[in-house]
Amino acid sequence: MARSWRNFFRKNKDEAPEKSRAVATELPLEAAEVTEADFPSAEEVLAARKEPAATSVAQVEEAGPSEVEAPLPEPSEIEEAPPARADADEQESSGWFGRLRRGMSRSRESFVGQLNAAVAEFRDAEDEEFWERVEEILISSDVGVPTTAKLVAELEQEALEKNITSGKELRELMIEHATRILEGPVELNVSHDPTVILMVGVNGTGKTTTIGKLSRFLPGTTMFAAGDTFRAAAIEQLQQWGERTGTPVVARERGTDAAAVAHDAIQEARREGTDVLLIDTAGRLHTKVNLMAELEKVQRVIGRQSPGAPHEVLMTVDATTGQNGLRQAKMFKKVAGLTGIVLTKLDGTAKGGIALAIANEVGVPIKLISVGEQVEDLHPFDAREFAEALFGDL
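This report concerns the structure included in the present document.

So, how was this worked out
Note that residues are indexed from 1 along each chain, following the sequence as it is written. Only residues with pLDDT of at least 70 get local features here, since the model is predicted, and only at 80 or more are side-chain atom pairs given and counted; chain-wide, interface and lining totals rely on the full set of residues. The basis for the side-chain values is all heavy atoms of the structure; hydrogens and waters are excluded. Numbering of helices and strands starts at the N terminus; helices are DSSP runs of H or I of at least 4 residues and strands are runs of E of at least 2. Buried residues are those whose accessible area, probed at 1.4 Å on protein chains only, stays under 20% of the maximum for their type, while exposed residues exceed 50% and partly exposed ones sit between those limits. Should any heavy atoms of two residues lie within 4.5 Å, those residues are considered in contact. Each accessible area value is a Shrake-Rupley result obtained with a 1.4 Å probe; residue values ignore everything except the protein chains displayed when judging cover. A pairing counts as a salt bridge when a side-chain nitrogen of Lys or Arg comes within 4 Å of a carboxyl oxygen of Asp or Glu. In a helix, the anticipated span is given by 1.5 Å times the number of residues less one. For helices, the fitted axis covers only the stretch in contact; all axes are lines through C-alpha atoms, and the angles between them, taken along N-to-C directions, range from 0 to 180 degrees. Should an angle fall under 35 degrees it is taken as roughly parallel, and over 145 as roughly antiparallel, whereas 65 to 115 is taken as roughly perpendicular and any remaining angle as oblique. Each residue receives one of three labels: charged for Asp, Glu, Lys and Arg, nonpolar for Ala, Val, Leu, Ile, Met, Phe, Trp, Tyr, Cys and Pro, and polar for the others, Gly being one of them. Any Phe, Tyr or Trp ring, taking Trp's six-membered ring, that has another such ring centre within 6.5 Å forms a pair; planes under 30 degrees apart are called stacked, those over 60 apart edge-to-face, and the others tilted. Definition of a polar contact: a pair of N or O atoms within 3.5 Å, with one able to donate and the other able to accept a hydrogen when the atoms are protein atoms, and with sequence-neighbouring residues admitted only if both atoms are side-chain atoms. Two strands are said to pair when DSSP picks up at least two bridges between them.

Re the overall build of the chain
In terms of regular secondary structure, the chain is built from 13 helices and 10 strands. Counting across all 394 residues of the chain, residues that qualify as buried make up 53%. Long-range pairs, those at least 24 residues apart, make up 82% of the contacts in the chain between residues at least 6 apart in sequence. Counting every atom, the chain has about 17500 Å² of accessible surface; 49% of that belongs to carbon and sulfur.

A closer look at the pattern of salt bridges
If you walk through the whole model with that rule in mind, you get 13 salt bridges. Glutamate 172 serves as the salt-bridge partner of arginine 384, at 2.8 Å between the closest nitrogen and oxygen. With arginine 384 in helix H13 (residues 383-391) and glutamate 172 in helix H6 (residues 167-182), the pair connects residues that are 212 residues apart, well separated along the chain. Overall, arginine 384 belongs to the partly exposed group, its relative accessible area being 30%. We classify glutamate 172 as partly exposed; its relative accessible area is 31%. Members of the salt-bridge network, linked through shared partners, are Glu172, Arg384 and Glu388.

Points about helix H10 (residues 289-305)
The terminal C-alpha atoms of H10, which comprises 17 residues, lie 25 Å apart, in line with the 24 Å expected from a rise of 1.5 Å per residue. Listed as buried for H10 are Leu291, Met292, Leu295, Lys297, Val298, Gln299, Val301, Ile302 and Gln305.

Structural notes on the packing of H6 against helix H12 (residues 354-361)
Put simply, H6 and H12 touch, their axes get as near as 8 Å, and they point 50 degrees apart. With respect to H12, the element H6 is oriented oblique. Between H6 and H12, the residues in contact are Ala178, Ile181 and Leu182 and Ala355, Leu356, Ala359 and Asn360, respectively. Each residue belonging to the contact of H6 with H12 can be placed in one class, and the counts come to 6 nonpolar, 1 polar and no charged.

With respect to the packing of aromatic side chains
Any pair of aromatic rings gets described here by the distance separating the centres and the angle formed by the planes. Within this structure, the stated rule accounts for 8 aromatic pairs. Pairing tryptophan 5 with phenylalanine 9 gives two aromatic rings, centres 5.9 Å apart and planes at 20 degrees, and the pair type is stacked. The burial state of tryptophan 5 is the same as that of phenylalanine 9; both residues are buried. Every member of this aromatic cluster is reached through a ring pair, and the members are Trp5, Phe8, Phe9 and Phe217.

Quick look at the environment of threonine 247
Tracing the sequence through the fold places threonine 247 in the loop between helix H8 (234-245) and strand E5 (249-250). Relative accessible area serves as the criterion here: at 1%, threonine 247 is assigned to the buried category. Not counting chain neighbours up to four residues away, the residues in contact with threonine 247 comprise Ser215, Thr222, Met223, Phe224 and Gly242.

Remarks on the environment of aspartate 280
Relative to the assigned elements, aspartate 280 resides in the loop between strand E6 (276-279) and H10. Distance from aspartate 280 to isoleucine 197, taken between C-alpha atoms, is 8.9 Å for residues 83 residues apart in sequence. Setting aside anything within four residues of it in sequence, one finds aspartate 280 in contact with Met199, Lys207, Thr208, Ile211, Ala225, Ala226, Gly227, Asp228 and Leu238. Within polar-contact distance, the side chain of aspartate 280 engages the side chain of threonine 208 at 2.9 Å.

Regarding the sheet that holds E5
Taken together, 8 strands build an open sheet; the order of strands is E5-E4-E6-E3-E7-E8-E9-E10 and the sheet is mixed. The sheet is open, and its two edges are formed by E5 and strand E10 (378-380), each paired on a single side. Bridge analysis of strand E3 (residues 195-200) against strand E7 (residues 312-318) gives 4 bridges, and the strand direction is parallel. Residue valine 200 lies in a different strand from E7, and its bridge partner there is methionine 315.

Here it is in structure tokens:
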């Protein structure tokens, strides 16, 4: 059975009843109705207003409490979230795999088409030319040389040991071995009070969008922190998600020290009794040493305010960037101590095999994947499910 949101979150043993989320009464949309298209791009936000000049802020190590730039929304009478959690789980189990297959159609048409042709001619596990062809197909799907070498060596050895001679058996073997590579601890730890989740990644990979989508599924109450004070209109975009999901947003003016924003957000989350605080960050190019140093500072300030935090550090990786995304993930792991990967834009690439390379070479579990713009296109990662979608018949 596919992994569902219900068993994705790790919470305290003595769980209190789940808190209802405040939903903006003027925008009572169901999660399924919300898409990225509902939110303005950076260019649209900038066109609607005159962009203020970035404010120069001293980079102080001890970020002190300060007033947030924009007042937080007052708690309002809330609409009880639809109690059809069981129905949602049924829809997930019955419909998510089809959504995943459709979202990965470009990868399947490119990758599986070639693999089908090769497997159709498979007769003998000792055929070296066949295994060389499989290697070429995997590498072309951005599985990468190290991961391809590992996967093909294991496949060839087991195929020989089991005397496999049919393409059907070989395909199932491929799915099993890919599942082993992809498997990892997928649960999202929300057992702290408050839980602090830090979102990192390069600009354009979908950090802010993922924050907005994820907030619709998180148990309890949530709060956003607009820590991307560098990119134009990043603060406004997160505020748009906050308005639509009824989530308070801690924000200061553009150019403010991101560590100070994180400090203020943790203080505010404690005052409000918030369950989960999601902190956005600037798109720190892995080649920019100063930006990576700033990210390290943000984490130090978070750790002083809440020992053990951030409790989750999730990196968004754009699947369309292929091996570049893999290199970025390796660098962020060194600097940020990643706890999970969110693989985005799988519907926009023919190289879904990058998931295998990330799982094998980065050593950080893929926890979430996104195959489209709608909120329900974000989903907990399931290794077997993904392997079947990648290696299954067209």
